[in-house]
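The lines below spell out each chain.
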Amino acid sequence: MTIENRPANIIVNCNAPFLEIVIEGDWLLDVEIPNLELVLAKLSDGSEFKQVVFSTVSLGRWDSLLMTELIRLIAYSAEKGISVDIKTLPAGIQGLLSLVAAVPERAGDRRQTLHVSWLEIIGNCGLHLLNDVNALIMFVGNLTLSVTAFFRGKAHFRWIDLWRNIQDCGPSALPIITLISLLVGLILAFVGSVQLSLFGAQLYIADLVGLGMSREMGGLMTAVIMSGRTAAAYAAQLGTMQVNNEIDALEAMGFDPMEFLVLPRVLALIFVMPLLCLYADLMGVIGGALVTVNFFEVSLFEYLSRTVNAIHVTDLSVGIFKCAVFGILIALSGCMRGMQCGRSASEVGDATTSAVVTGIVFIVIADSLMTIICNRLGI
Amino acid sequence: MSSPYLSVKDMTMAYGDFIIQRDLNFTINRGDIFVIMGGSGCGKSTLLMHLIGLHRPLVGDVFYGKESLWQADYKTRKSLLRRTGVLFQSGALLSSMTLAENVALPLTEHTRLTAQHIRRLVSYKLALVGLAGFEDYYPAELSGGMQKRAGLARAMALDPEILFFDEPSAGLDPVSAKLLDDLIRSLRDHLGATIVIVTHELASIFAIGTYSVFLDMETKTMIASGPPKQLLAESNDPKVLRFLTRGASENSSISAIKNQRA
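All values reported here derive from a predicted model rather than from experimental measurement. (Residues numbered from 1 in each chain as written. Chains lettered and ligands numbered in written order. Predicted model: local features only at pLDDT ≥ 70, side-chain atom pairs only at ≥ 80, totals over all residues. Heavy atoms only, no water.)

Observations concerning the overall build of chain B
Here is step 1: Within chain B one finds 10 helices and 10 strands.
Here is step 2: Relative to the compact-globule value of 18 Å for 262 residues, chain B shows a C-alpha radius of gyration of 20 Å, a close match.
Here is step 3: Overall, chain B is about 75 × 45 × 35 Å in size when its C-alpha atoms are taken along their principal axes.
Here is step 4: The burial tally for chain B puts 53% of its 262 residues in the buried class. (Helix = DSSP H or I, 4+ residues; strand = E, 2+ residues; numbered from the N terminus. Rg over C-alpha atoms; globule rule 2.2 N^0.38 Å. Buried < 20%, exposed > 50% of the residue type's maximum accessible area, 1.4 Å probe, protein only.)

Regarding the domain arrangement of chain B
Residues and elements named next belong to chain B.
Here is step 1: When cut into domains, chain B gives domain 1 (4-83 + 160-261) and domain 2 (95-158).
Here is step 2: Computed over C-alpha atoms only, the centres of domain 1 and domain 2 are separated by 27 Å.
Here is step 3: Each partner contributes residues to the interface: domain 1 has 13 residues there, and domain 2 has 11 residues.
Here is step 4: Interface area for domain 1 against domain 2, summed over the two sides, is near 980 Å², with a carbon-plus-sulfur share of 73%.
Here is step 5: Sorting the residues of domain 1 by area buried against domain 2 places Arg82, Pro160 and Leu183 first, and these three jointly supply 46% of that buried surface.
Here is step 6: Connecting domain 1 to domain 2 are 2 residue pairs in polar contact (both at pLDDT 80 or more).
Here is step 7: Breaking the side of domain 1 that touches domain 2 down by element, the ones donating at least two residues are strand 7 (162-166) and helix 6 (174-191).
Here is step 8: No other element matches the 4 residues that helix 6 contributes to the side of domain 1 that touches domain 2.
Here is step 9: The residue makeup of the side of domain 1 that touches domain 2, split by class, is 10 nonpolar, 1 polar and 2 charged. (Domains from an automatic or database assignment. Contact = heavy atoms within 4.5 Å. Buried area = accessible area lost by both parts, 1.4 Å probe. Polar contact = N/O pair within 3.5 Å; in protein donor to acceptor, adjacent residues only side chain to side chain. Nonpolar A, V, L, I, M, F, W, Y, C, P; charged D, E, K, R; others polar.)

Re the packing of aromatic side chains
Here is step 1: Using the criterion set out here, one finds 11 aromatic pairs over all chains in the structure.
Here is step 2: Between Phe150(A) and Trp159(A) the ring centres are 6.2 Å apart and the planes differ by 50°, which places this aromatic pair in the tilted class.
Here is step 3: For Trp159(A), a relative accessible area of 48% gives the class partly exposed.
Here is step 4: Taking 5.3 Å as the distance between ring centres and 45° as the angle between the ring planes, the aromatic pair formed by Phe157(A) and Trp159(A) counts as tilted.
Here is step 5: An aromatic cluster of at least three residues, connected via ring pairs, comprises Phe150(A), Phe151(A), Phe157(A) and Trp159(A).
Here is step 6: Here Lys9(B) stacks its cationic end above the ring of Phe63(B), 4.9 Å away from the centre of that ring. (Phe/Tyr/Trp six-rings, centres within 6.5 Å; stacked < 30°, edge-to-face > 60°. Lys NZ or Arg CZ within 6 Å of the ring centre and 35° of its normal.)

So, helix 4 (residues 118-151) of chain A
The α-helix winds at 3.6 residues per turn, so residues separated by three or four positions along the chain end up facing the same way.
Residues and elements named next belong to chain A.
Here is step 1: Its 34 residues give helix 4 an end-to-end C-alpha distance of 49 Å, which sits within 8% of 50 Å, the value for a rise of 1.5 Å per residue.
Here is step 2: Three or more residues of helix 4 are buried, namely Phe139, Leu143, Ser146 and Ala149.
Here is step 3: Among the structural elements, helix 9 (257-295) and helix 11 (313-339) are those in contact with the buried residues of helix 4.
Here is step 4: Following helix 4 by one or two positions, Gly153 adopts a phi angle in the positive range, close to 75°. (Expected span 1.5 Å × (residues − 1).)

Considerations on helix 2 (residues 74-81) of chain B
All names here are of chain B.
Here is step 1: Those residues of helix 2 lying buried are Arg77, Leu80 and Leu81. Projected down its long axis, helix 2 shows its buried positions confined to an angular sector of 90°, all on one face.
Here is step 2: Buried residues along helix 2 sit in contact with helix 1 (44-51), strand 4 (59-64), strand 5 (67-68) and strand 6 (84-87).
Here is step 3: One side-chain oxygen at the N-terminal end of helix 2 lies 3.1 Å from the backbone nitrogen of Lys75; it belongs to Asp73. (Arc of directions from axis to C-beta.)

Remarks on the sheet that holds strand 8 (residues 194-198) of chain B
All names here are of chain B.
Here is step 1: With mixed pairing, 6 strands are arranged side by side in an open sheet as 6-7-8-3-9-10. Both edges of this open sheet fall to strand 6 and strand 10 (221-226), since each of them pairs with a single strand only. Direction aside, the axes of adjacent strands within the sheet are offset by 15° on average.
Here is step 2: Pairing of strand 6 with strand 7 involves 4 bridges; the strand directions are parallel. From the neighbouring strand, Leu87 faces strand 7, where its bridge partner is Phe165.
Here is step 3: Contacts from helix 6 reach strand 3 (33-38), strand 7 and strand 8, with the element oriented near 155° to strand 8. (Pairing = 2+ DSSP bridges. Axes fitted to C-alpha atoms, helices over the stretch in contact; angles between N-to-C directions.)

Concerning the sheet that holds strand 2 (residues 18-29) of chain B
All names here are of chain B.
Here is step 1: Reading across from one edge, 2-1-4-5 is the order of the 4 strands in this open sheet, with antiparallel pairing throughout. Because the sheet does not close on itself, it has two edges, and the strands there are strand 2 and strand 5.
Here is step 2: Against the sheet, helix 1 contacts strand 1 (4-15), strand 2 and strand 4, and its axis sits at roughly 120° relative to strand 1.

Here we look at the pairing of strand 2 of chain B
Residue and element names in this part refer to chain B.
Here is step 1: Two elements, strand 1 and strand 2, share 8 bridges in a ladder whose sense is antiparallel. Among the inter-strand pairings, Ala14 is bridged to a residue of strand 2, identified as Ile19.
Here is step 2: Where strand 1 folds back on strand 2, the antiparallel hairpin that results is connected by 2 residues, among which Gly16 adopts a positive phi of roughly 60°.

See the structure below:
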């Protein structure tokens, strides 16, 4: 089936004032083609030529490759003020050439690639950050308005959306939270045991794990998991809705996307996060117990009673309060990035990435602040 | 000129066990502008997916020349499909790449051309579809019609022998749709390519179609084939006539009955 290719060749016959260009053989994308530079050189040094004519008697098969070379040749001749007799080319090529010339490039269409100096890059980063802060303030403001509307019973959203969101970010997250918290409890117990067993005070591992989990690690780990899981999902959902014009459609129907889409998601997370935090605390204590009871000659009863004595209601409520705050931050970063999303597939990816990054940054900053405040207040 | 290029033999298409169309038999000749038409949801686009090797038919086969598409092994199928170019409904340009990168993508993958040659080829293809100078734009910065033409430039990147179009004029204003039709026809004339178009746009069916098949949703098979104008003139099937006359045949028969009664 395959036909043997004849080698492509180009010959120049000087016949002043005509320059005859003979094109031979098969000019195809996957074959070697002759260099055009020699022909171009002929055109540039000889002002004796007034017109270029073609001879294509022995031209075989050809495709876009010949076209690009011809276009280059014609453009070059035009630059040198030499006319080209296109009529001497085959009809198919003439047709394509006229098609190429049919819509000439308009001045100003082409993009200028400008050199960007590092100073400009830094400046742009600064402006970008400023815009982000602005957008965040706007978003928080809008969200506050919708929350007020919610408490006055005037927010328009579907309750089923709220339940679905609670289902998505609550019970569905339990397996991963179980695994991570159990392991964190286990790690805390091991780390503590190294020091405490020096004094024979293995029993105090229970205090360490209990306090560590309930005040800090339970909430923090839950928040990190949820920002990877839920903030990303929110950003992707809302971003895709933005791409598909769904958010525009909601607005056109008279819904406030803030109330209809963002509010149920934020409320769901605020409701679910404290519960998940409590669950994570419990799992952490169980993880600690596994280690202590099995490796350090402490009975389960001793461990549990020690834990109950160590954890006060304040510790638990500090952890839960922190986790509720994290919930707000996670929902905020996810929804904000989703709503800001552009209109293309790659921008959905960008929105998701930046939702997770923003979420984790917010969480860590907020956690540090709250820990310092608790410390100063002596809570 | 009329040598068969692509043929479909006894093909049945299905999603799972839900049959879309059965017993399809037709041949597309070299140089044809072949129209696949039918109402919305009758399986036109699904048929296209089968022709370009994205869906395996439940029964039957697609032949490029004499070579079977679905009996062939993976490598042969790839090489058969290298001769095809596809323009998807909304252009399907990769949004994270500029137009030049989009068009260059198949060239860098399938040929061993130098970067300079590829750049010239890309400019040529873009000029061919009337987008000279738009190399460094991102798809999102262009209008729908321009995105579609850029998609066409990408479909033509490897000089395919056969070009598939999925609803080329959907979402375009009549003038842009007409320009796209003209472009398709002149590409066929000058490149000598074979064109397959999935559409329900009557204006373009009659303007550029040289042969057509009509898929029917209720009987789940093709109920007419032939040049579109001939179908309009000679077909007796009420469904085909209703489609080709935008339902006017139905109205006229009703008015004819009313006239008789009056």
